[in-house]
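# Survey of secondary and tertiary structure
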Amino acid sequence: MTVQFKPAETFRDTFTYRKSPEDILRFPFPFPEDEYMYSVNIEPHVRGGPTAAFQAAFDIDEHYIAECRERERVLKEDPKRCQVLPHMMAAEWDSLELIMESLAQDYPEHFSLTKAGDLWTWVNRPLNIHQSFTFGKAETLPCGPFEYITRQAQGDFTLQDQRDDNLFVDGGMVTTQADWSLEFDIGMSFHEWHGPVPLAHEKGVFDRALKYLLRLQCGQPVRRLNWTMTVNPRLDTSPENYPVWGPDKASVTPDNVAEKVHLRVELQTLYRLPRSNAILFGIRCYLTSVADIARVPKWRRRLHRVLRDLHPDIAAYKGLPRFRQTVLDYLAPLDDGEPTSKGIAPDTDVLAG
Amino acid sequence: MTAGAPLQVRVRDIVELAPSLKRFSFEPAHGGLFPTPPAGGHVMLTLRDGARVMKNAYSLVSPPMERARYDIIVRLVAQSRGGSDFLHRKVAPGDVLEMARPVSLFPLASSAKKHLLIGGGIGITPLLSFLPEMKARGARFELHQLATGEEVPVFERLLAPYATGEEIRVHGGGRAAFDLAGLLSRQPLGTHVYVCGPHALMDAVTGTAAALGWPRGKIHKESFGGATGGLPFRAVLRRSGIEVEVGETQTLLEAIEAAGVAAPCLCRGGACGECVTPVIEGEVDHRDDFLSAEEKAGGKVVMTCVSRARGPRLVLDL
Amino acid sequence: MSDQGIKSRPRYHPIAPDPQGRHHLLVVDGPDVPVEALAEGVTPSAFEVWTVARKSAVPASPAMDEQAGAVRVFRAVPHLFSALEERLARETMGLRLYAAGTEPFLWDAYGIGARAGLSPQEMAFAHVGTQARRIFCVHCRTVMEGVTTSITTCAGCGAPLFVRDHFSRRLAAFMAVQIDAEVPGEVPQAEELYS
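Residues numbered from 1 in each chain as written. Chains lettered and ligands numbered in written order. Predicted model: local features only at pLDDT ≥ 70, side-chain atom pairs only at ≥ 80, totals over all residues.

### Some words on helix α11 (residues 297–309) of chain A
Here is the rule: By definition, any uninterrupted DSSP run of H or I lasting at least four residues is a helix, any uninterrupted run of E lasting at least two residues is a strand, and each is numbered from the N terminus. Residue count minus one, scaled by 1.5 Å, sets the expected span of a helix. This entry defines residue contacts through backbone-placed C-beta atoms, with two residues in contact when those atoms are within 7 Å.
Between its first and last C-alpha atoms α11(A) spans 19 Å; for 13 residues at 1.5 Å apiece the expected length is 18 Å, and the two agree. Taken together, the buried residues of α11(A) touch β9 (261–272), α10 (290–293) and α13 (321–331) of chain A.

Here's what the structure looks like:
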C-alpha cells in the first residue's frame, strides 16, 4: 500500500485538509439505505468491508501524520483531553499491546514491534519514533502507556471498565470528538454518558447495546458507524472549544456550503481487553465535504434523501438546523430520483466531476 | 456469542502434580504465539474418543505474558463423562487437539481495593491465573485454598512462586475448620470475593457474603457460562427445502450457514434484530435481547443467532 | 428552554435501610433528619445518624457510639465529611451509606463513599431542600453554586451559560455550555427553574 502522507495539512485556522480521489472512495459512508434512524447497528469487526477503511484493525490513511500533529496541539492547549482513572492501568497496557501489535501487523512498512521477553522495541517510521521500553513498567515510557500509543493513532479512544453489569468510561484520549467532554463525562455509566441522545433510549437501543457489549469476548471485536455534520474540516469540535468553533455553524451560505459542510463519520470499534477485562472503544473520525460526496452519484442521492427525511429531534441533536436547508438546496438538484443500492459501498471506482 | 475460529493446539508436555492431578501444556500447532489470554479465562477443549465428541471447559493457569503456551490442570474425576479420563489416559505429548479461543466470565475487578480469593480443590485453577496479574498491578489480596490433607503440599508447591508474604494460605482441616464468616466479616470496604470449587463451597461463600451485607457486584464465582448451547434439535428450512441438525454447542444460525443457506444476521449476539426469522412450527427457546415479551410469547419469530428450539424440531420460513 | 429530556439525571427515592446491609449510616446536611427523606414507616432510629448544626459551639463527639439510634452532631458539612473519610477507612464490608440533603451535598458524600470503595449498590440518596444547582462551566472549568436560572453568566470566563440537565456524579455538578457561541449576543431570556 503506497499511501502518500500529507504532513502539513491543518484541521483549524487555514483548513488546508483535502482528500485525494482514493481517499474519497475509501470513505466509510454511513448510510446503508435512504433513511436513517438509531439502531444497534453492530457487526463483527473483521479485516475487510465495503470500503478500504475497513481493511485494518486500526485504519491509517493519508492524513495520519497531520492528525497526530493536530492531536499534539490539542493536548498542549489542554492536557485534560487525555485522562485515565488510576484503577485502569492494566487496561492501559492491554491497549498499548493491542494497538502496537495491530499496527505492526497491518502496516509492516510503517511500524514494527520486536520483543525480547518484556523488553519491547517499537518503531514508528512516519513519526520517526524508535522506542525501547519494559512492558508493564510505566516509567520506561515518556508518558502513560495509553496516552503514549494513542498519540500515534488516528481517532479517539475510550477505556470502559466493566462492573456491576454496566460499563463506565474510566479513561480516554478525546481530541477529535463530535461535541462531548471527557473531563465532564469521565466516570459515567453507559446510560449516563448516552443521556443526551434523543429517541434512542425510548427505543431500547441502549439497553440492548449494553447487554450485548457486556458479553463481548477477547478476539471478537465489533464495529458500527455513527455520523454527524461539521462546518469546515475541523477535528476538534469539543464542548470546551465551542466558543471557538461555534461561529463556523452560522457561516454557511449557498456559495460555500458544498466546500464547507462536511459529513463527519465515526467508524467505532470495540475490543475486549484480556488482563483488565475492559473494553477499548475506538472512535475513528473521517471528514468528507458535501462537494466530494457529490462526486459519488450513489452517495449524493442518498445523502440528500437521508437529510431530507431525517427526524427533527435527531437533526437538532446533531446540530444540523442552521445549515440543513442550505445543504438540501445544494443536493436536491443533484438527486435524479434513481434507485440506490443497499449498503454503503460507492458502487464506482471513478469520481464524477 | 459465536466463538470465532478455534485454535489447533499441540500437547507440549504433561506433568503429574498428584495422583489425580495433571498439568497439560499446549503450544500453537502451526507455530507462532497464542493470543494474550484473559485473566480468569477458560478454554473449551474438543476431545474425540472414537466416535464420541466431548467439549469441556478448563481454566487457563498460565500467566498472561506467556503466549508460547497455554496450561491447564485437570483433575481425574471418578464419575467423569469421559473428558478427564480421556485426558489422563489417552492424550500424549505431540497430540493435536482443537481448542476454542479463551473466554472470560470470571475477571478480576479493576476498581477493587482488595481481592479475596477462595478456592476448593481443582477450583484453584482460575485463581492461579489471577496471581501474576495481581502482582503486576501491585494489588492487595488474600488467597485461601481449601484442600484435603494429602493435597495440601501439592497446592503449597503450586502457590509457592507467589507466596511472598502472609497473603496465601492452604487449609487442610476441611470446611468445618475454616472460619468463613470471620474471614468475610473483617474485610475492608471495597473488597471483592472470588470463589471457585465444589458447588457446596461456592454456595457457602456467596450465601455467607450476601448475608453479611456484601453487595452482589462484589461477589464473584466461576460458572464457566452454562447458558450457551443446549440440546440438539432439527431445523426445517421450508423455503430452502433443507433440514439441518443443530448440535449441542452450535447455534441455529451456524447450522443454517453450514448448510449453505445465507441467513440474514449482523451482530451475531441477539441484540440488533437483523436475523429475525418467521417460525412456522415448533416451540422457541428465546435467548435474545431484541424481541419484546409479547413477541417472545407469541412464538412466531426466532432470533437465529442465539435462540434455540424448546423441543426436537423447529420449522422456519427460510 | 431546557433539556429536561436527558436520561442521565439522577433519580432519588425516599430512604429505607437495605435489609441486606449489616450497618446503616445516614448523613444529613442539617440539624435533623428531614421526614420526607425517609420511606413510609421508617424512622431515624434505624440508622446511625450524623447531622450538621452550623454552629461552632458544638461539643466534641461523645466516645464512639456507632450503632443504630446514635446521633453525632458536626459543626458544618466539611467537618462531617472529614470524619466520614476517617470512618469509612476503618469500616468493613456490609456497611450502607445514606445521605439526605441538597444535590451537591449528596454527590459530595457519594464521592467520599466511592473513594473508600463503596459501590452504588451500597449507597442511597434522597434529595431534600432547594433544587438550586451546582454547575460546571465546560469551557473554563469554573464551578458555581446555587444556580436557580436556566441561563447564567460564568464567574470565571464571563460566558453566558445554558444550564443543562447532563449531570456528572464525579463532579457533583451540572454541565453549563455557552449559549451564544454560534451567534454572539443571541441570548434568550433566562427562566427561574431550579429553586
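So much for the structure itself; the text now carries on.
### Considerations on the domain arrangement of chain B
Residue and element names in this part refer to chain B. The condition is simple: Where a domain begins and ends is set by an automatic assignment or by a domain database. Gly is put with the polar residues, along with every residue not named as nonpolar or charged; the nonpolar set is Ala, Val, Leu, Ile, Met, Phe, Trp, Tyr, Cys and Pro, and the charged set is Asp, Glu, Lys and Arg.
As assigned here, chain B comprises domain 1 (7–99), domain 2 (114–221) and domain 3 (233–316). Between domain 1 and domain 2, the C-alpha centre-to-centre distance is 24 Å. Secondary-structure elements contributing two or more residues to the side of domain 1 that touches domain 2 are β1 (7–18) and β5 (70–75). Across the side of domain 1 that touches domain 2, the residue classes break down as nine nonpolar, three polar and one charged.

### Overview of the interface of chain A and chain B
Listed per partner, the contact involves 32 residues of chain A and 29 residues of chain B. Secondary-structure elements contributing two or more residues to the side of chain A that touches chain B are β1 (43–44), α3 (89–106), β6 (156–163) and α7 (205–214) of chain A. For the side of chain A that touches chain B, a count of residues per class yields 13 nonpolar, nine polar and 10 charged.

### Observations regarding the interface of chain C and chain B
If you look at the interface, chain C gives 15 residues, while chain B gives 17 residues. Looking at side-chain class alone, the side of chain C that touches chain B contains five nonpolar, seven polar and three charged residues.

### Side note on the domain arrangement of chain C
All names here are of chain C. Taken domain by domain, chain C holds domain 1 (23–127) and domain 2 (130–195). Placing a centre on the C-alpha atoms of domain 1 and another on those of domain 2 gives a separation of 29 Å. Residue-level contacts link seven residues of domain 1 with six residues of domain 2. Here the side of domain 1 that touches domain 2 is built from residues that sort into three nonpolar, two polar and two charged.

### Digging into the sheet that holds strand β12 (residues 233–237) of chain B
All names here are of chain B. Put simply, the rule reads: Strands are labelled as partners when DSSP assigns at least two bridges between them. Only C-alpha atoms enter the line fits that serve as axes; for helices the fit covers just the stretch in contact. Angles between N-to-C directions range over 0 to 180 degrees.
Strands sit in the order β13-β12-β18-β14-β16 across an open sheet of five strands; the sheet is mixed. Two strands bound the open sheet, and with one partner strand each, they are β13 (242–246) and β16 (301–303). The sheet shows a mean angle of 40 degrees between the axes of neighbouring strands, taken without regard to direction. In this structure, strand β14 (residues 276–281) lies alongside strand β18 (residues 313–316), joined through two bridges in antiparallel fashion. When the bridges of β18 are listed, V279 appears paired with L316.

### Structural notes on the pairing of β5(B)
Residue and element names in this part refer to chain B. How we decide: With C-beta atoms placed from the backbone, the exposure class of a residue follows from how many other C-beta atoms lie within 10 Å of its own: 20 or more, buried; 12 or fewer, exposed; in between, partly exposed.
Of all six residues in β5, five are buried, a share of seventy percent or more. Sheet topology note: the strand β2 (residues 21–28)/β5 ladder contains six bridges and is antiparallel. Within β5, the position partnered with F26 by the bridge is Y70.

### What to know about unusual backbone geometry
Positive phi is not limited to glycine here, since N277(A) has a value of about 60 degrees. Locating N277(A) in the fold gives a position in the loop between β9 and β10 (279–289). With 26 C-beta atoms counted inside 10 Å, the residue N277(A) sits in the buried group. Look at R141(C): it is not a glycine, yet its phi comes out positive at around 70 degrees. Structurally, R141(C) is set in the loop between β6 (133–137) and β7 (143–147).

### Focus: the confidence of the model for chain C
Basically, it comes down to this: pLDDT gives the predictor's per-residue confidence on a scale running from 0 to 100.
Of all residues in chain C, 95% have pLDDT values of 70 or greater, and the mean over the chain is 93. For this predicted complex, the interface score ipTM comes out at 0.93, while the overall pTM is 0.93.

### Notes on the nonpolar core
Just so we agree on the cut-off: For this analysis, nonpolar core means a set of buried Ala, Val, Leu, Ile, Met, Phe, Trp, Tyr and Cys residues linked through C-beta atoms within 7 Å.
Formed by 104 residues in total, the largest nonpolar core has its most connected members in V40(A), I99(A), I279(A), L280(A), A235(B), I256(B) and A271(B). The dominant element in this core, judged by the number of residues it contributes, is α3(A), at nine residues. Apart from the residues within four sequence positions on either side, I279(A) is in contact with Q160(A), Q162(A), L167(A), L213(A), L216(A), L270(A), Y271(A), R272(A) and L273(A). In terms of nonpolar packing, the next biggest core, distinct from the first, is built from 87 residues, Y70(B), L159(B), V170(B) and A126(C) among them.

### Observations concerning the sheet that holds β6(C)
Strand pairing in a sheet relies on backbone hydrogen bonds, with the paired strands running either antiparallel or parallel. All names here are of chain C. Strand order across the open sheet formed by five strands is β7-β6-β10-β9-β8, with mixed pairing between neighbours. Edge strands, defined here as strands with exactly one partner in the open sheet, are β7 and β8 (151–153). Across the sheet, the mean angle from the axis of one strand to that of its neighbour is 45 degrees, orientation sign disregarded. Taken together, the three bridges between β6 and strand β10 (residues 173–178) define a ladder with parallel strand orientation. Of the residues in β10, the one forming a bridge with I135 is F174.

### So, the packing of α11(A) against α13(A)
Residues and elements named next belong to chain A. Where we set the bar: Take the far helix as the reference: if the near one is turned anticlockwise from it by less than a right angle, the crossing is left-handed, and if turned clockwise, right-handed.
Where α11 contacts α13, the two axes come as close as 10 Å, and the packing angle between them is 145 degrees. For the pair α11 and α13, the crossing hand works out as left-handed. Each of R300, L303, H304, L307 and R308 in α11 lies in contact with α13, whose residues at this interface are R324, V327, L328 and L331. When its residues are assigned to classes, the contact of α11 with α13 shows five nonpolar, one polar and three charged.

### Quick word on the environment of F133(A)
All names here are of chain A. With respect to the helices and strands, F133 occurs in strand β5 (residues 129–134). F133 sits 11 residues away from W122 along the chain, and the two C-alpha atoms are 8.3 Å apart. If we ignore the near neighbours within four places in the chain, the residues touching F133 are W120, T140 and L141.

### Some remarks on the environment of R101(B)
Residues and elements named next belong to chain B. The topology assignment puts R101 in the loop between β6 (96–99) and β7 (114–120). Residue class for R101 comes out buried when judged on the 20 C-beta atoms lying within 10 Å of it. Sequence separation between R101 and L45 is 56 residues; the distance between their C-alpha atoms is 9.5 Å.

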